[in-house]
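Chains, contacts and geometry: an overview
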Amino acid sequence: MKKRWLALLLTGVMALSLTACGGGDKKSEGEGKGGDEGGGQYINTYLAAEPTTMDVSLRSDTYSSEIMMNVMEGLIRIEQRDGKYEVMPGDAESWEVNDEGNVWTFHLGEDRKWNDGEPVTAEQYVYSLQRSADPATGCPNSYFVSPILNYDAVSTGEKPVEELGVKALDEHTLEITLTSPMASFLESTDASIFYPQRKDIVEKYGDQYGAEAANLVYNGPFVLTEWNHNSSLRIEKNDQYWDKDNVDLDYVDYQILKDTTSIANAYDSGQIDFITVSSQEQLQKYEADDSNVLTNISGGTISFQFYNTTDPIMSNVNIRKAFSLGVDIEDMNEIGFSGLREPLYGWIAPALSVDGKSMREVAGDTNKELKEELEASGKTAKDVLIEGMKELGLGDDPSKLDVTYSLAGTDDWYHTFGEYLQQVYKESLGINLKIDFSEWDIFSDNLTNGNYQIGFMAWGAYYNDPYDMLSIHLSDFNQISSNWKNEEYDALCRAGMTEMDPEKRMQNYVDAERILMEDYVACPFATSVSHQFSKSYVHDKYAEYGQDNLYFIHPGWKNVYVEGR
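So, here is what we can say about the structure in this document. (Residues numbered from 1 in each chain as written. Predicted model: local features only at pLDDT ≥ 70, side-chain atom pairs only at ≥ 80, totals over all residues. Heavy atoms only, no water.)

**What about the packing of aromatic side chains?**
Geometry of an aromatic ring pair is reported as the spacing of the ring centres plus the angle between the planes. Note the cut-off: Note on aromatic contacts: the rings of Phe and Tyr and the six-membered ring of Trp form a pair at centre separations within 6.5 Å, being stacked when their planes are under 30 degrees apart, edge-to-face when over 60 apart, and tilted otherwise. When accessible area is computed with a 1.4 Å probe and restricted to protein chains, residues below 20% of their type maximum are described as buried, those above 50% as exposed, and intermediate ones as partly exposed. Helix and strand assignments come from DSSP, with helices taken as H or I runs of at least 4 residues and strands as E runs of at least 2, each series counted from the N terminus. Only lysine NZ and arginine CZ atoms are considered, and such an atom sits over a ring when it is within 6 Å of the ring centre and within 35 degrees of the ring normal.
Under the defined criterion, the tally for this structure stands at 28 aromatic pairs. Centroid distance Trp 104 to Phe 106: 6.3 Å. Interplanar angle 20°. Geometry classified as stacked. Looking at Trp 104, the relative accessible area reads 11%, which means it is buried. When the ring of Phe 337 is compared with that of Trp 413, the centres are 6.5 Å apart and the planes differ by 5°; the resulting orientation is stacked. With a gap of 76 residues between them, Phe 337 in the loop between α9 (329–336) and β14 (342–343) and Trp 413 in helix α13 (residues 412–428) connect regions that are remote in the sequence. The exposure class of Phe 337 is buried, given its relative accessible area of 2%. Above the plane of the ring of Tyr 251 lies Arg 234, whose end atom (NZ or CZ) is 3.9 Å from the centre. Across from the ring centre of Tyr 42, 3.8 Å away, lies the NZ or CZ of Arg 565, which sits over that ring.

**Some points on a negative patch on the surface**
The test is simple: Put simply, a patch holds well-exposed residues, over 30% relative accessible area, that have no salt bridge, with like charges counted together within 9 Å and Val, Leu, Ile, Met, Phe, Trp or Tyr side chains within 5 Å. Per-residue and other accessible areas were derived by the Shrake-Rupley procedure at a 1.4 Å probe size, with only the shown protein chains allowed to occlude residues. When a carboxyl oxygen of Asp or Glu lies within 4 Å of a side-chain nitrogen of Lys or Arg, that pair is called a salt bridge. When charges are counted, Lys and Arg contribute as positive and Asp and Glu as negative, whereas His and the chain ends are disregarded. Taken as the charge centre is NZ of Lys, CZ of Arg, CG of Asp or CD of Glu, depending on the residue.
A surface patch of negative charge is lined by Asp 328, Glu 330, Asp 331, Glu 334 and Glu 427. Here the element with the most residues in the negative patch is α9; it accounts for three residues. Counting through the fold element by element, Asp 328 comes out in the loop between α8 (317–325) and α9.

**Let's talk about the environment of Leu 283**
Just so we agree on the cut-off: Contact between two residues is taken to exist if any of their heavy atoms lie within 4.5 Å; hydrogens are not considered.
Tracing the chain through its elements places Leu 283 in helix α7 (residues 280–287). As for Leu 283 and Leu 340, which are separated by 57 residues in sequence, their C-alpha atoms are 9.0 Å apart. Leu 283 has contacts with Val 277, Leu 294, Leu 340, His 531 and Phe 533, leaving out every residue within four places of it along the chain.

**So, the nonpolar core**
Selection rule: The set of buried Ala, Val, Leu, Ile, Met, Phe, Trp, Tyr and Cys residues whose side-chain atoms join them within 4.5 Å is what this entry labels a nonpolar core.
Judged by nonpolar contacts, the single largest core of 159 residues is most densely connected at Ile 176, Phe 323, Trp 347 and Trp 557. Every residue in contact with Phe 323, bar those within four places of it in the chain, is listed here: Gln 305, Tyr 307, Met 314, Leu 385, Val 403, Tyr 425, Leu 429, Ile 431, Leu 433 and Ile 454. The next biggest cluster of nonpolar side chains, apart from the first, holds 13 residues, and it includes Ile 263, Val 277, Leu 283 and Leu 340.

**Some points on the sheet that holds strand β10 (residues 232–237)**
Two strands in a sheet stick together by hydrogen bonds in their backbones, pointing the same way (parallel) or opposite ways (antiparallel). Rule in force here: Strand pairing is defined by DSSP finding a minimum of two bridges between the two strands. Only the contacting stretch of a helix is used when fitting its axis, a line to C-alpha atoms as for every element, and angles between N-to-C directions run 0 to 180 degrees.
Read across the open sheet, the four strands follow the order β2-β11-β10-β9; overall the sheet is mixed. The open sheet has two edge strands with one neighbour each: β2 (42–47) and β9 (222–228). With direction set aside, neighbouring strand axes in the sheet form an average angle of 20°. Strand direction decides the pairing type here: β2 and strand β11 (residues 251–256), joined by six bridges, are parallel. Bridge assignment links Tyr 42 to a residue of β11, and that residue is Tyr 251. Packing against the sheet, helix α1 (residues 62–71) makes contact with β2, β9, β10 and β11, and its axis sits at approximately 145° to β9.

**So, the pairing of β11**
Residues Val 252, Tyr 254 and Ile 256 line the buried face of β11, whereas the alternating positions Tyr 251, Asp 253 and Gln 255 sit on a face that is not buried. Note: β10 against β11, five bridges, orientation antiparallel. Residue pairing for β11: Glu 236 is matched across the bridge by Tyr 251.

**Considerations on the pairing of strand β4 (residues 84–89)**
Two faces make up the sheet, and in a regular strand the side chains alternate between them. Of the strand pairs in this sheet, strand β3 (residues 76–81) and β4 are connected by six bridges, and their pairing is antiparallel. Residue Glu 79 lies in a different strand from β4, and its bridge partner there is Glu 86. In this antiparallel pair of consecutive strands, β3 and β4, the connection spans two residues, and Asp 82 shows a positive phi of 55°.

Everything listed here is a matter of geometry and, on its own, says nothing about what the molecule does.
Below, the structure written as structure tokens:
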């Protein structure tokens, strides 16, 4: 979502081409290769899992996003300049909105091309958005497109895709009409779902479109040239890219490394240039070595557990409440996450704001307040659990309750975390929790098929509007497969998205989050903090590695260069 793109994010063990931000030493555009001393402009890094697809309309995981943000170009780019967010040109050289705020016009540069030399056109953007809105496509991220006029009718098949509010005024002019004004629409177009697609390529490869490196064309800074499934990928500089003179790297190699030991060994031996640490031991180890540079990124990704509200047991709100309030969030951060994250008591992460004001600061620590209310009533989470069991005719012995907790990983970190969860719920609720460990693809399939009771994952916001995170719970979208539906929640979210008055917009979002939290659909644990170490020879033109970064930027490797390898 991440992402962010919308994105499903495994916690702790993923690699991202997180750009360094924070306003460090800046190099002028085009600089970078001069100091390399023949070491080569390349990066070696890793992904913690296989990307599922390079199909813009079907992507849903962060691993696919990591590659896609480097090989594709959208209308704009959100990057950092001088420590602040800045909207930069992408395929669009310029853009404007009408006085009513509901019609956006994007002017594409005539020099924008695909890697096969074909021009990037407005019609390709129209085709891509229509394809994502088409119910026959099954786009998992179509909620990003929902503000566009007639999306609801198109996505349900009531209207043809041609009536979606997008059209090409000419070869290089794209017009997008919204149902209502949306304050954050321009920023939202940085999402991958707004990337263009070529109809001729989609039709040529059919269901194999996006499944192989050769089954695509690319308009971004790099081209995916190798994709050895479950093993490695390579992206190489795109000589047809409109801004190629400001791309220094010749290529980036990715290994797919699924466990923390393999990742650490690869970093220690110099096989990869980046590592995102998942333990205090690793953090302290690499901080002690001056050849490593630490970059932190926080504020927009949350870790949480969530419930299948159609499961016979988890359909009971008291049982969900018991699981949500039966965990100590501070202890979870210290023990479960090794003190590497920040405790979180609401669904919206601290970085998400309305008119510059953090929603978290306005909404308060909702989950903490709910726990205090429970304690003030003289009850415990275990009392609430037994109430729920009785309502379902399951007796009053929690040790006999059959609950399985699903985790999307099989390495040591997940097994340790699973043991921690079993201990927590044994002590607070008296249950004998079962843990199901599986790889991401199996975990994802189980969610889609409703074959789970409680799950754990992380989710990163894609653009800076609370709607980004709230919308994944909308009844029509059901992004985390909780199967929860609430009309009042839906109405508040959509009202907030279209409200132009900042105070009213904030209140709509705060009220919506309160409904979500009080119905115990999900239990936020923490705001994730990415502690990423890189080798000292890796640099960024606009924000040097080694500082705390802004969260809502997606430049990929475009601004990265190597000096002194």
